[in-house]
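# Coordinates in review
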Amino acid sequence: MCGIIGYCSKNGKASQVIFEDLKRMEYRGYDSSGVAMISDGKLLVKKGVGKLEEVNRKYKLDKIPGSVGIGHTRWATHGGVTQINTHPHCDCRNEIAVIHNGIVDNYQELRKDLIKRKHRFLSETDTEVIPHMLEDEMKRGRSLEEAVMAVAPRLEGSYAFLAISTNEPGKVVGTRKGSPLVVGLGKNKAFAASDSMALAGQIDQLYMMGEGEIAVLTADKTVFFDSTGRPISKKATKPDAVWNDNNKEGYEYFMLKEIMEQPDTLLAATHQDKDVFTAVALDVLRADQIIVTACGSSRYAALVGRYLFSSVGKKFCEVVMASEFQYFAESVSRNTLVLAISQSGETLDVIDGVELARKAGARIVSIINRPQSLLGELSHNVLYLNCGPEIGVAATKSFLNQLAIFYLLAFSMVHSFDMAVDNIRKVSRQVARAIDWNNDVIAGITKEYHDKNDFYYIARGINFAIASEGALKLKEISYIHAEGMPAGELKHGTLSLIEEGTPVLVICPGDFTYKETLGNAIEAKARGARIIAVSDVNNEVYDHWIRIPRVHDLLYPMVSVVPLQLLAYHMATRRGRNPDMPRNLAKSVTVR
Ligand code: F6R
């Protein structure tokens, strides 16, 4: 959440580059944005509320002169979405500017103390304490990096921040704790950013910043220090070329592009090292207990994984919401295997849990999409989704590939990795059919239901998590209330909400859950529900039939989730929402 970028060059046009890089990080936050540049020894700051393009139209962020600057795209935490709360934030003398991702937990005490010492605050943000603290340190004669080294240990919480100062105009200084920060170098240019994707195609060397490390960037030279201020040499990695691809390829929205490319990305999920899967499968089989931890869609994928582990590998595992993991920390031991699932590899709730589990001696295996992530660094072993950059805020192709990885892992437990690869390859064709058959049908269905306020999604067994995932997709991008639940639960309370015309989405494939799920659909229908069924089998009880191809029982989640993504997408666009940037949300959730 929040994208930060710092850039040192020699060409006087740094703000253009900063603006373009911010565009690539807009999925991290899009309620406001701003840029600060050092130009002729002066600090120039422009910022405003709204999507980046709108702010740029109004304030010309990309036309601010200067060779060195910083930029920010915000997802508000402390302080409302106002111009004054938009980053960058400055010190009293307008000589230092700071951008920040994360939360300074102790900002209230720090702010009170600074105000006592006559610092003037303009915003309600936690971030603003940082430039004022740096100001104090620089007044004592410290350089910008010495000031950062003095201030960072006094900040509690999580942060990645970048600072510039008119006293040292060629420099950007950055540090991180808990929130991500990478440094990228090209010829006569240096970048620091929340995300390596922002730097796509511009750098030759990439450095992952460790906890507490400090980077001092200039166009010619970049140096690193550890948290005690000792110079360190860091190993560069080569930026991954695939992650350079982030255009919409003619689609109106990234979400639609990402839904449509799923038959291909699913194939990419099978490009795996069998030995690694075999080793992880052994870890799973040997562990006394397995805890899967994840948030949101990733957790729903884990719930499908739990069925696969149980029915194929005969191994039970517990799925714990990452934000609740800490409350179960006492149960984690050396014989626990923690399986952490995260598209971004950055979600702070997941990282927190994994850190706790590591301290307790647990083995950590992660399933991640993004290369070079914080979660990857904390894991003993990582399995990658291979679905390329996912820009739309709603998880689509990453969810499907998470299902595929669980499928491969479950079958690796019974020495059937190769068969599982073949099955997924075949199912990728069925995913393509599910899209072809349904895209227009679903757009038509939304005509009838786009003004409804409540949707219920039901399914059973391995398909239940798909009901939850479908409901999450609908609510997050179309802002319609939706609930997903096991179909058998409906009668234990929620059925009282069903009235004439209430839409009930029934995921009812012709598998071992079919009869009972259909029975629950009939019960809902008897109370006036309109039944929209996702199934390979038609039935007179359905008001709308979203047809999916027949596949093996354990593969239905992969084909039934796709029409639900399309339903959410068409509902959102019909209601005039931008599905790529739903209100109040952002893609990488790096706050607690
Ligand atoms: C929903 C969605 C979120 C994420 C969740 C976890 O469409 O995208 O619910 O699944 O924030 O994110 P990752 O997988 O990056 O840890």
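In case you missed it, the structure is sitting above this.
Being a predicted model, the structure only gives us computed values, none of them experimental.

A word on helix H4 (residues 129–139). Every α-helix carries 3.6 residues per turn, so stepping three or four residues along brings you back to the same face. Summarising burial for H4: ten of the eleven residues are buried, a large majority. The set of residues buried in H4 consists of Val129, Ile130, Pro131, His132, Met133, Leu134, Glu135, Asp136, Glu137 and Met138. Considering only its buried residues, H4 is in contact with strand E5 (89–90), strand E6 (96–104), helix H3 (107–116), helix H5 (144–151) and strand E7 (157–165).

This part covers the pattern of salt bridges. Applying the stated criterion across every chain, the model contains 33 salt bridges. For the salt bridge of Asp21 with Arg24, the shortest nitrogen-to-oxygen distance reads 3.2 Å. In this pair, Asp21 and Arg24 both sit in helix H1 (residues 14–24), three residues apart, roughly one turn of the helix. The partner of Glu137 in a salt bridge is Arg154, with the nearest N and O atoms 3.3 Å apart. On the criterion of sequence distance, the pair formed by Glu137 in helix H4 and Arg154 in the loop between H5 and E7 is long-range, its members being 17 residues apart. Taken together, the shared-partner salt bridges connect Arg28, Asp195, Glu346 and Arg370 into one network.

As a further point, take empty space enclosed by the protein. As enumerated under the stated definition, the model contains three cavities of 30 Å³ or more in all. Roughly 120 Å³ of internal volume is contained in the largest cavity. Considering only residue class, the lining of the largest cavity consists of seven nonpolar, five polar and four charged. Both domain 1 (3–244) and domain 2 (254–574) contribute no fewer than three residues apiece to the lining of the largest cavity. In this structure, the second largest cavity occupies an estimated 70 Å³ of space. Counting residues per element, the lining of the second largest cavity draws most heavily on E6, at three residues. Here the lining of the second largest cavity is composed, by residue class, of three nonpolar, eight polar and two charged.

Right, let's talk about the layout of surface pockets for a bit. Roughly 650 Å³ of internal volume is contained in the largest pocket. Taken together, 29 residues make up the lining of the largest pocket; nearest its centre are Cys295, Gly296, Ser297, Lys587 and Val589. The set of elements that each furnish at least two residues to the lining of the largest pocket consists of helix H9 (296–313), strand E17 (336–342), helix H10 (348–359) and helix H14 (464–478). If one sorts the elements of the lining of the largest pocket by residue count, H9 sits on top with five residues. Tallied by class, residues from the lining of the largest pocket come to 14 nonpolar, eight polar and seven charged. What the second largest pocket holds in volume is close to 500 Å³. Lining the second largest pocket are 18 residues, with Lys23, Glu26, Lys248, Phe254 and Met581 sitting closest to its centre.

With that settled, consider unusual backbone geometry. Residue Pro88 is bonded to the preceding His87 through a cis peptide linkage, with omega at 0°. Along the polypeptide, Pro88 turns up in the loop between strand E4 (68–74) and E5. The residue Lys314 is not glycine, and still its phi comes out positive at about 55°. Of note, Lys314 is situated in the loop between H9 and strand E16 (318–321). With relative accessibility at 65%, the residue Lys314 sits in the exposed group.

Below, the discussion takes up the environment of Thr278. Structurally, Thr278 is set in helix H8 (residues 274–286). Looking at Thr278, the relative accessible area reads 32%, which means it is partly exposed. Sequence spacing of Thr278 and Ser416 is 138 residues, and the spatial spacing of their C-alpha atoms is 9.6 Å.

A few words on the pairing of strand E8 (residues 172–177). When you tally the buried positions in E8, you get five out of six residues, the bulk of the element. As paired elements, E7 and E8 share four bridges and run antiparallel to each other. Its bridge partner lying in E8, Leu162 is registered against Gly174. Taken together, E7 and the strand that follows it, E8, pair antiparallel across an intervening segment of six residues. Sheet topology note: the E8/strand E12 (residues 214–217) ladder contains four bridges and is antiparallel. Within the sheet, the bridge partner assigned to Val173 lies in E12 and is Val216.

Here is what the cut-offs are and how they apply
Residues numbered from 1 in each chain as written. Predicted model: local features only at pLDDT ≥ 70, side-chain atom pairs only at ≥ 80, totals over all residues. Heavy atoms only, no water. Buried < 20%, exposed > 50% of the residue type's maximum accessible area, 1.4 Å probe, protein only. Helix = DSSP H or I, 4+ residues; strand = E, 2+ residues; numbered from the N terminus. Contact = heavy atoms within 4.5 Å. Salt bridge = Lys/Arg side-chain N within 4 Å of Asp/Glu carboxyl O. 1 Å grid on protein atoms, 1.4 Å probe; cavity = no way out; pocket = protein on both sides within 12 Å on 5 of 7 lines; lining within 4 Å. Points joined across faces, edges and corners; volume = space filled by probe spheres on them. Nonpolar A, V, L, I, M, F, W, Y, C, P; charged D, E, K, R; others polar. Domains from an automatic or database assignment. Pairing = 2+ DSSP bridges.

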